[in-house]
Amino acid sequence: EEFIGKDPVYLTESKNGSSKCLHYVVLYLAPGDYHHFHSPAQWAVAQRRHFPGSLISVRPSLVQKIPGLYNKNERVVLNGHWKHGFFSFAAVGALNVGSIKIAFDDEVITNKPSSFPFTPDTI
């Protein structure tokens, strides 16, 4: 709930009456990687949420050391539905790659300045 926001639209729907279980995949993009993202499925976006936050590096070693790191960083979460029910897609900003642009939503403005070096009160 902390990551995608409270009460995302369509989460209460169940297409086949089965219990609800959220599965997720994290794709780490190293600084030299392609940083555009594309939808992995045919779905309809019903809600966009922007969570301002830090721009801490998300390299795997830091993710292991800082609990809830993805919740601390700035992110844009798209919630909606697909043929199997609820669907959510989140883009998380990080150090040196904080800008998040959504092709169909020009109102999203991201990339708040990062605090470097990091101190305990900024993490």
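Residues numbered from 1 in each chain as written. Predicted model: local features only at pLDDT ≥ 70, side-chain atom pairs only at ≥ 80, totals over all residues. Heavy atoms only, no water.

Caption draft 1: Just the confidence of the model for the protein, in detail. The share of residues in the protein with pLDDT of 70 or more is 80%, and the mean pLDDT across the chain is 80. Predicted confidence for residues 114-123 stays below pLDDT 50, and this span has 13 contacts to residues more than four positions away or in other chains. (pLDDT = per-residue confidence, 0-100. Contact = heavy atoms within 4.5 Å.)

Caption draft 2: Focus on the side chain of glutamine 47. Note that glutamine 47 resides in strand E1 (residues 44-51). Residue class for glutamine 47 comes out buried when judged on its relative accessible area of 16%. Among all residues touching glutamine 47, those that are not within four sequence positions of it are Pro8, Val9, Val77, Leu78 and Asn79. (Helix = DSSP H or I, 4+ residues; strand = E, 2+ residues; numbered from the N terminus. Buried < 20%, exposed > 50% of the residue type's maximum accessible area, 1.4 Å probe, protein only.)

Caption draft 3: Representation of the sheet that holds strand E2 (residues 75-82). The strand order across the open sheet built from 3 strands is E1-E2-E3, with neighbouring strands paired in antiparallel fashion. The strands lining the two open edges of the sheet, one partner per strand, are E1 and strand E3 (85-92). Neighbouring strand axes in the sheet, compared pairwise and without regard to direction, differ in orientation by 20° on average. With 8 bridges joining them, E2 and E3 adopt antiparallel strand pairing. Residue pairing for E3: histidine 81 is matched across the bridge by phenylalanine 86. (Pairing = 2+ DSSP bridges. Axes fitted to C-alpha atoms, helices over the stretch in contact; angles between N-to-C directions.)

Caption draft 4: Region of the structure containing the environment of isoleucine 4. Along the chain, isoleucine 4 turns up in the segment before E1. On the accessibility criterion, isoleucine 4 (12% relative accessible area) is buried. C-alpha separation for the pair isoleucine 4 and serine 88, spaced 84 residues apart in sequence, amounts to 7.7 Å. Residue contacts for isoleucine 4: discarding those within four places in its chain leaves Leu22, Arg49, Phe51, Val77, Asn79, Phe86 and Ser88.

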